[in-house]
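For reference, the chains in residue letters:
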Amino acid sequence: MKQVRLRFAPSPTGYLHIGGLRTALYNYLFAKHSGGKFILRIEDTDRSRYVEGAIEDLIESLNWAGIKYDEGVFIEDGKVVERGDYGPYIQSKRLDIYQKYVDLLIEQGDAYYCFCSKDRLDEVREEQKVKGLIPKYDGFCRSLSLDEARERISEGEEYVVRLKLPHNRDIKFHDVVRGDITINTEDIDDQVLLKSDGYPTYHMAVVIDDHLMGITHIVRGEEWLSSVPKHVYLYEVLGWDIPVFVHLPTVLNKDRKKLSKRHGDVAVEDFMSKGYLPEGLINYLALVGWSPENNQEIFSMEELIKAFSFERVAKTGGIFDINKLNWVNGHHIRNYDLDELTRLAIPYLKEAGYIDDRDIKEKYNWIKTMVETVREGISYISEITEKVDIFFNNKIEPEDENALSMLKGQQVPAILDAFKEELKEIEEVDEEFTKGIMKRIQRATGVKGKDLFMPTRVALTGNSHGPELTSIMYILGKQNILARIEYIEENFLKG
Ligand code: GLU
């Protein structure tokens, strides 16, 4: 059996779009599921849209997401390199290959030189619009003889090469998601294959590369579906086997509109910088447009590889719901290796000024406990800075009326007194202290249950809900607890 080979073929026009990451993911999952190979090819033939540094960014995003490919374009020591037996994998390095096939198509009579100026093409399009026709090339240069065309080229005239589609012929193909599709050539343009700058168009390059690179399954966004008939015709005249087509539904937002940069929800790098876990984003993205056979929602990459199939890709738009993503990511955060999570959280804590290099060196366990204590309540890591804020300001403000009223209970002064007495006995708060302290205050004051725990929590944090009291005490330490108690006494209990 032929080896399964899939490719992700982004154009380096900027950041990696969240929809692009999903396309890469489905390619990867299927390649791994089938024991096949996955290839990263860079499609940079549209020079006007090329963005410096975009290749590096794309690769960085894929690496971050844990999507590994076997061949193609990599970054090594900060440099773009290529690996694999089917290279080059960057289209701008394959111009001589495309030229060879353009010449062949011309020779066969399946393509022709076209000299029409932009002005003429604009005019034709205007006329067609006025007549209510779908704009397409009118075939003006189709009947030029090869000799005449070559003569004009030798005289230096600008030209493009177009595909010569037969008139009124049905082109049929099958898409795994959309089923059988038939389109008549009357509804398709004589596509430009080679541009006047000597670069092929996407349509030419994609067919040649997919064939020469042995691609068996083409998995990409549905915006390319309408181009498939042209590609199928090219495969046919070149005498090549047609690969399996899988066109994925567009990733939409909750209003069923395309994701837009304006809403800040499209660039993978934005999710990286907010501190989403690659595991969380990948898990959620897999479910945008695909569903497993059971109703499992939390997946590791390994589990996704096992469960994935194209048969369960939806026909219509996958909805990208940020709340659902947050739920999935929060789940991964709660189950993440704590040291790893701490490592990821440190830059955010440092950036926000809560910790410095010395803390990182000398108080690592303290930082780790802080991360452990608040991880329950965060959906992505940058949220940690809001959550740890309670540990850094000793001027406690009760969060609301309810919290304030808890401080006003008549038992509160005695509780805080007893707490201070206990603190006098120790050097620093440790596990033994945090474990026994509430019992000892209870014994000293006779107050227990909610009446004991709620005012203590409010006195230490200002909030009536939050992480474990024992962890809070450990993180605060003796001096901060004392300072907080005194501040509460001074500002809320006097008078
Ligand atoms: N270069 C195209 C893009 O950026 C790839 C389309 C395809 O996968 O054939 O979307």
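Residues numbered from 1 in each chain as written. Predicted model: local features only at pLDDT ≥ 70, side-chain atom pairs only at ≥ 80, totals over all residues. Heavy atoms only, no water.

Draft legend 1. Looking closely at the site of the ligand. What surrounds the ligand is the set Arg7, Ala9, Pro10, Ser11, Glu43, Tyr202, Val206, Arg220 and Trp224. One of the side-chain nitrogen or oxygen atoms of Tyr202 is found 2.6 Å away from an oxygen atom of the ligand. Protein chains shield 82% of the accessible area of the ligand, which is 300 Å² for the free molecule. Taken atom by atom, the bulk of the ligand overlaps the largest pocket. Here the residues of the shell around the ligand sort into 5 nonpolar, 1 polar and 3 charged. (Near = heavy atom within 4 Å. Polar contact = N/O pair within 3.5 Å; in protein donor to acceptor, adjacent residues only side chain to side chain. Areas by Shrake-Rupley, 256 points an atom, 1.4 Å probe, with all protein chains shown as cover. 1 Å grid on protein atoms, 1.4 Å probe; cavity = no way out; pocket = protein on both sides within 12 Å on 5 of 7 lines; lining within 4 Å. Sits in = over half its atoms within 2 Å of the grid points. Nonpolar A, V, L, I, M, F, W, Y, C, P; charged D, E, K, R; others polar.)

Draft legend 2. Structural detail: the packing of aromatic side chains. Taken as a whole, this structure holds 18 aromatic pairs when the rule is applied. Note on Tyr26 and Phe308: the rings are 5.0 Å apart at their centroids and 50° apart in plane angle, and the pair reads as tilted. Note that Tyr26 is positioned in helix H1 (residues 18-33) and Phe308 in the loop between helix H10 (301-307) and strand E13 (318-319), a separation of 282 residues in sequence. With centroids separated by 6.3 Å and ring planes inclined at 55°, the aromatic side chains of Phe115 and Tyr159 adopt a geometry described as tilted. (Phe/Tyr/Trp six-rings, centres within 6.5 Å; stacked < 30°, edge-to-face > 60°. Helix = DSSP H or I, 4+ residues; strand = E, 2+ residues; numbered from the N terminus.)

Draft legend 3. Up close: the layout of surface pockets. The space that makes up the largest pocket amounts to roughly 1100 Å³. Forming the boundary of the largest pocket are 37 residues, of which Ser11, His17, Arg49, Glu223 and Trp224 lie nearest the centre. When residues of the lining of the largest pocket are assigned to their parent elements, the largest contribution, 4 residues, is made by H1. Residue composition of the lining of the largest pocket, grouped by class: 15 nonpolar, 12 polar and 10 charged. In terms of lining, the second largest pocket is formed by 18 residues, of which the most central are Leu121, Val160, Arg162, Val192 and Ser196. Where the lining of the second largest pocket is concerned, the elements lending two or more residues are helix H4 (118-130) and strand E6 (160-163). Per-element accounting of the lining of the second largest pocket gives the leading share, 4 residues, to H4. Considered class by class, the residues forming the lining of the second largest pocket number 7 nonpolar, 5 polar and 6 charged. (Points joined across faces, edges and corners; volume = space filled by probe spheres on them.)

Draft legend 4. Geometry of the packing of helix H3 (residues 95-108) against helix H6 (residues 202-212). Running from N to C, H3 and H6 cross one another at 105°; their axes reach a closest spacing of 10 Å. Considering their axes alone, H3 and H6 lie roughly perpendicular with respect to each other. Here H3 contributes Ile97, Tyr98, Tyr101, Val102 and Leu105 to the contact with H6, which in turn contributes Met204, Ala205, Ile208, Asp209 and Leu212. Among the residues making up the contact of H3 with H6, the classes are represented as 9 nonpolar, no polar and 1 charged. (Axes fitted to C-alpha atoms, helices over the stretch in contact; angles between N-to-C directions. Parallel < 35°, antiparallel > 145°, perpendicular 65-115°, else oblique. Contact = heavy atoms within 4.5 Å.)

Draft legend 5. Quick look at the nonpolar core. By size, the foremost hydrophobic cluster in this structure holds 94 residues, and its most contacted members are Leu21, Leu25, Leu62, Ile67 and Phe320. Leave out the neighbours within four places in its chain, and Leu62 touches Phe8, Leu16, Leu21, Ala24, Leu40, Ile67 and Tyr69. Counting 54 residues, the second largest nonpolar core, distinct from the first, contains Val374, Ala403, Val429 and Ile475. (Core = buried A, V, L, I, M, F, W, Y, C linked by side-chain atoms within 4.5 Å. Buried < 20%, exposed > 50% of the residue type's maximum accessible area, 1.4 Å probe, protein only.)

Draft legend 6. Focus on the pairing of strand E2 (residues 37-40). Here 4 bridges tie strand E1 (residues 5-8) to E2, and the two strands are oriented parallel to one another. Within E2, the position partnered with Arg5 by the bridge is Lys37. Inspection of the sheet shows E2 paired to strand E3 (residues 71-76) by 2 bridges, in the parallel sense. Counted as the bridge partner of Ile39 is Glu71 from E3. (Pairing = 2+ DSSP bridges.)

Draft legend 7. Structural context of a negative patch on the surface. A surface patch of like charges, here negative, comprises Glu52, Glu56, Asp57, Glu60 and Glu269. In terms of residue count, helix H2 (residues 54-65) provides more of the negative patch than any other element does, 3 residues in total. A relative accessible area of 33% places Glu269 in the partly exposed class. (Patch = residues over 30% accessible without salt bridge, like charges linked within 9 Å, V, L, I, M, F, W, Y side chains within 5 Å. Salt bridge = Lys/Arg side-chain N within 4 Å of Asp/Glu carboxyl O. Lys, Arg positive; Asp, Glu negative; His and termini not counted. Charge placed at Lys NZ, Arg CZ, Asp CG, Glu CD.)

Draft legend 8. A look at the environment of Pro135. Counting through the fold element by element, Pro135 comes out in the loop between H4 and helix H5 (146-154). Remark: the alpha-carbon pair of Pro135 and Phe310, spanning 175 residues in sequence, is separated by 35 Å. Excluding residues within four positions of it along the chain, Pro135 makes contact with Arg125 and Gln128.

Draft legend 9. Layout of the sheet that holds strand E9 (residues 192-194). Spatially, 3 strands are ordered E5-E6-E9 in an open sheet, and the strand pairing comes out antiparallel. What marks the edges here is a single partner per strand, and that holds for strand E5 (111-114) and E9. Going from strand to strand, the sheet's axes swing by 45° on average, the running direction of each strand aside. The pairing of E6 with E9 spans 2 bridges and is classified as antiparallel. Bridging across to E9, Arg162 finds its partner in Val192.

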